[in-house]
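Below are the chains, spelled out letter by letter.
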Amino acid sequence: MNKEGLQIYDRLLELPLFQGMNHPDLASVIGHTRFGFLKLPSQKIVVKENDLCLELIFLVSGIVNVTTTSDDYGYTITEELKAPAILQPEHIFGLTQRFTKTFTTINPCSFITLDREETKKLSDKYDIFRINLLNIISTQSQKLQRNLLRKYPASLEERIVNWIRFRCLTPVGHKNIKIKMTQLAKEINDSRLDVSRALNRLETQGWLTLSRGHIDIPSIESAFDL
């Protein structure tokens, strides 16, 4: 294997879809699979919401912002996603084969891409690749189902926290929510005044920062231990 092949080998070992694959199989994948390679500077859009999902996109280095917009455009949630990661792999197949989020580079990022046909070939040929892909999709489905069965929050603060958590791509890292207080009150099904008071209590405890139309959470995993 040449130097370029070794670099690809090291990168693939970091990605969840290739973990557990033995050396001969991984070497064969590198030699017979058409990968795409992409490098983007900071502040560049990788994919937009509603773009067709025609390939798997692996973030192999760098950090991207992930922006989720509600159907009625009433709010947006922006969060960070660090390498290694895959950008919405569940949308390459199934009912909605479009990205539902916008991904933008924060710093210079490197990506490896794998189109749908190559993904099918690898799934057919390598059990571990197919199992890894099924595990990723199944885990996401199970987490969404489990959210519906969680104990109902006892306080308004907990309801706000859960509302934010359930709409985030990952349960860790920096989150920024752009939403008006009246809109959040409708989402939580409570009064604007009570929601405002609850948010101010959370801010007083250092868990978030409020500004006009924005809620900024520096680290959701360390902030919201309610």
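Above this text sits the structure in question.
Counting restarts for each chain: residues are numbered from 1 in the order of the written sequence. Residue-level local features of this predicted model are given only where pLDDT is at least 70; pairs of side-chain atoms are given and counted only at 80 or more, and the full residue set underlies all totals for whole chains, interfaces and linings. The basis for every side-chain value is the complete set of non-hydrogen atoms in the structure, without hydrogens or water.

1. Re the packing of helix α5 (residues 156–166) against helix α6 (residues 181–188)
The condition that has to hold: Axes here mean lines fitted to C-alpha atoms, for a helix over just the part in contact, with angles spanning 0 to 180 degrees between N-to-C directions. Runs of H or I in DSSP of at least four residues are treated as helices and runs of E of at least two as strands, each being numbered from the N terminus. Angles are sorted into four bins: roughly parallel if under 35 degrees, roughly antiparallel if over 145, roughly perpendicular if 65 to 115, and oblique for all others. By the convention used here, residues are in contact when the closest approach between their heavy atoms is within 4.5 Å. Residue polarity follows a fixed list, in which Ala, Val, Leu, Ile, Met, Phe, Trp, Tyr, Cys and Pro are nonpolar, Asp, Glu, Lys and Arg are charged, and the others, Gly among them, are polar.
Taken N-terminus to C-terminus, the directions of α5 and α6 make an angle of 95°; their axes are 11 Å apart at the nearest point. Relative to α6, the element α5 lies roughly perpendicular. Between α5 and α6, the contacting residues are Leu156, Arg159, Ile160 and Trp163 on the first element and Leu184, Glu187 and Ile188 on the second. Residues of the contact of α5 with α6, tallied by class, amount to five nonpolar, no polar and two charged.

2. Brief notes about the sheet that holds strand β10 (residues 209–211)
Rules: Strand pairing is assigned whenever DSSP detects at least two bridges linking the two strands.
Taken together, the seven strands give an open sheet; going across it, the order is β2-β7-β4-β5-β9-β11-β10, and neighbouring strands pair in antiparallel fashion. A single partner strand is all that each edge strand has here, and the edge strands are β2 (45–47) and β10. On average, each strand axis in the sheet is inclined to that of its neighbour by 20°, with strand direction left out of account. The sheet contact formed by strand β4 (residues 63–69) and strand β5 (residues 75–82) spans seven bridges and is antiparallel. Of the residues in β5, the one forming a bridge with valine 64 is leucine 81.

3. Remarks on α5
Structurally, the α-helix is built with 3.6 residues per turn, so residues lying three or four positions apart point the same way. Rules: A simple rule labels every residue: compare its accessible area, found with a 1.4 Å probe on the protein chains alone, to the largest value its type can have, and call it buried under 20%, exposed over 50%, or partly exposed in between.
Within α5, eight of the eleven residues are buried, which leaves it mostly tucked inside the rest of the structure. Along α5, the residues that are buried comprise Leu156, Glu157, Arg159, Ile160, Val161, Asn162, Trp163 and Ile164.

4. Here's the deal with the packing of α6 against helix α7 (residues 192–204)
In contact at an axis separation of 9 Å, α6 and α7 are set at 100° when each is read in the N-to-C sense. The orientation of α6 with respect to α7, classified from their angle, is roughly perpendicular. Counted together, Met181, Thr182, Leu184 and Ala185 of α6 and Arg192, Val195, Ser196 and Leu199 of α7 form the full contact between these two elements. Residue composition of the contact of α6 with α7, by class: five nonpolar, two polar and one charged.

5. A few points about a positive patch on the surface
Stated precisely, the cut-off is as follows: Only residues above 30% relative accessible area that lack a salt bridge enter a patch, with like-charged residues linked at up to 9 Å and the nonpolar side chains Val, Leu, Ile, Met, Phe, Trp and Tyr linked at up to 5 Å. Using the Shrake-Rupley algorithm and a 1.4 Å probe, accessible areas are obtained, with residue cover drawn only from the displayed protein chains. Think of a salt bridge as a Lys or Arg side-chain nitrogen and an Asp or Glu carboxyl oxygen that are within 4 Å of each other. The convention is simple: Lys and Arg are positive, Asp and Glu are negative, and His and the chain ends are not counted. The atom standing in for a charge is NZ when the residue is Lys, CZ when it is Arg, CG when it is Asp and CD when it is Glu.
Among the surface-exposed residues, Lys143, Arg146, Arg150 and Arg165 lie close enough to one another that they form a single positively charged patch. Relative to the helices and strands, lysine 143 is located in helix α4 (residues 127–148).

6. Points about the sheet that holds strand β6 (residues 85–86)
Taking strand neighbours across the sheet as the criterion, the four strands line up as β1-β8-β3-β6 in an open arrangement whose pairing is antiparallel. The open sheet has two free edges, formed respectively by β1 (36–40) and β6, since each of these has just one partner strand. Where β1 and strand β8 (residues 109–115) come together, five bridges link them in antiparallel fashion. Counted as the bridge partner of leucine 38 is phenylalanine 111 from β8.

7. Some points on the pattern of salt bridges
Under the counting rule described, the total for this entry stands at nine salt bridges. Note that aspartate 115 and arginine 34 form a salt bridge whose closest N and O atoms lie 3.9 Å from each other. Separated by 81 residues along the polypeptide, aspartate 115 in strand β8 and arginine 34 in the loop between α2 (23–32) and β1 bring together distant segments of the chain. With its nearest N and O atoms 2.5 Å apart, the salt bridge here joins arginine 130 to aspartate 127. Taken together, the residues arginine 130 and aspartate 127, both in helix α4 and three residues apart, mark about one turn of the helix. Among the ionic contacts, a cluster of salt bridges with common partners joins Arg34, Asp115, Glu118 and Lys121.

8. A short note on the side chain of serine 123
Structurally, the position occupied by serine 123 is in helix α3 (residues 116–125). Residues within four places of serine 123 in sequence aside, it is in contact with Phe129, Arg130 and Leu133.

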